[in-house]
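Observations on the three-dimensional arrangement
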Amino acid sequence: MNRTDKIRQFIEDRFLVEFGGEVTDDSDLFKAGVMDSFGYIQLMSFLEDEFSIGVTDEEMLTDVFVSLDAIDAFVARKLAGQGAGQGAGQGDASCAG
């Protein structure tokens, strides 16, 4: 199972939603009623554990990733940053805020 599939599976299992119908990979999970702030914290904790990445409080508060695509891109940047010894880039057009 690849990275995107792992994230998708977690969201589907945790929030009882299925991607492919009304909810797509680029749907705003907050606006769609899939996830609330508590669920977002659970998701960030899952990402840290599953992919061995660190998510700072600043990243959680300033770069709120609202879609599967944006969440997956964030994880990809964090993993690439680990390899380069750098953190994730700042800002993203797919962030809320």
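Residues numbered from 1 in each chain as written. Predicted model: local features only at pLDDT ≥ 70, side-chain atom pairs only at ≥ 80, totals over all residues. Heavy atoms only, no water.

1. A word on the nonpolar core
Let me state the cut-off plainly: What makes a nonpolar core is a set of buried Ala, Val, Leu, Ile, Met, Phe, Trp, Tyr and Cys residues whose side-chain atoms join them at distances within 4.5 Å. Exposure classes here rest on a 1.4 Å probe applied to the protein chains alone. A residue is buried below 20% of its type maximum, exposed above 50%, and partly exposed in between. In this description a helix means any DSSP run of H or I spanning at least four residues, a strand means any run of E spanning at least two, and both kinds are numbered starting from the N terminus.
Counting residues in hydrophobic clusters, the biggest one holds 27 residues, and the most contacted among them are I7, I11, L29, V34, L43, L47 and I71. Put simply, the parts of the chain that give this core at least two residues each are α1 (3-15), α2 (37-51), β1 (64-65) and α4 (68-84). Take this core: its biggest share by element is 6 residues, from α2.

2. Quick notes on the side chain of S27
This is how the line gets drawn: Within 3.5 Å is the distance limit for a polar contact, defined as a pair of N or O atoms, with the added protein rule that one can donate a hydrogen and the other accept it, and that residues adjacent in sequence qualify only through two side-chain atoms. A contact between two residues is defined here by any heavy atoms of the two lying within 4.5 Å.
Mapped onto the fold, S27 is located in the loop between α1 and α2. Overall, S27 belongs to the buried group, its relative accessible area being 13%. Separated by 2.8 Å, the side chain of S27 and the backbone nitrogen of T24 make a polar contact. The contacts of S27, once residues within four sequence positions are left out, are E22, V66 and S67.

3. Some points on the environment of K31
Looking at the secondary structure, you find K31 in the loop between α1 and α2. Overall, the relative accessible area of 75% leaves K31 in the exposed class. Residues K31 and V66 lie 35 residues apart in sequence; the distance between their C-alpha atoms is 8.7 Å.

4. Focus: the packing of aromatic side chains
In this description, a pair of aromatic rings is defined by centroid distance and the angle of the planes. Under the convention used in this document: To pair, rings of Phe, Tyr and Trp, with the six-membered ring standing in for Trp, must have centres within 6.5 Å; the planes then decide the type, stacked if under 30 degrees apart, edge-to-face if over 60, and tilted in the middle.
Within the structure shown, the criterion is met by 5 aromatic pairs. A ring pair is formed by F10 and F15, whose centres lie 6.3 Å apart and whose planes are at 85°; its orientation type is edge-to-face. Accessibility expressed as a relative area gives 12% for F10, which makes it buried. Ring centres of F10 and F46 lie 4.1 Å apart, and the angle between their planes is 10°; this geometry places the pair in the stacked category. Placement of F10 in helix α1 and of F46 in helix α2 is noted, with a sequence separation of 36 residues between them.

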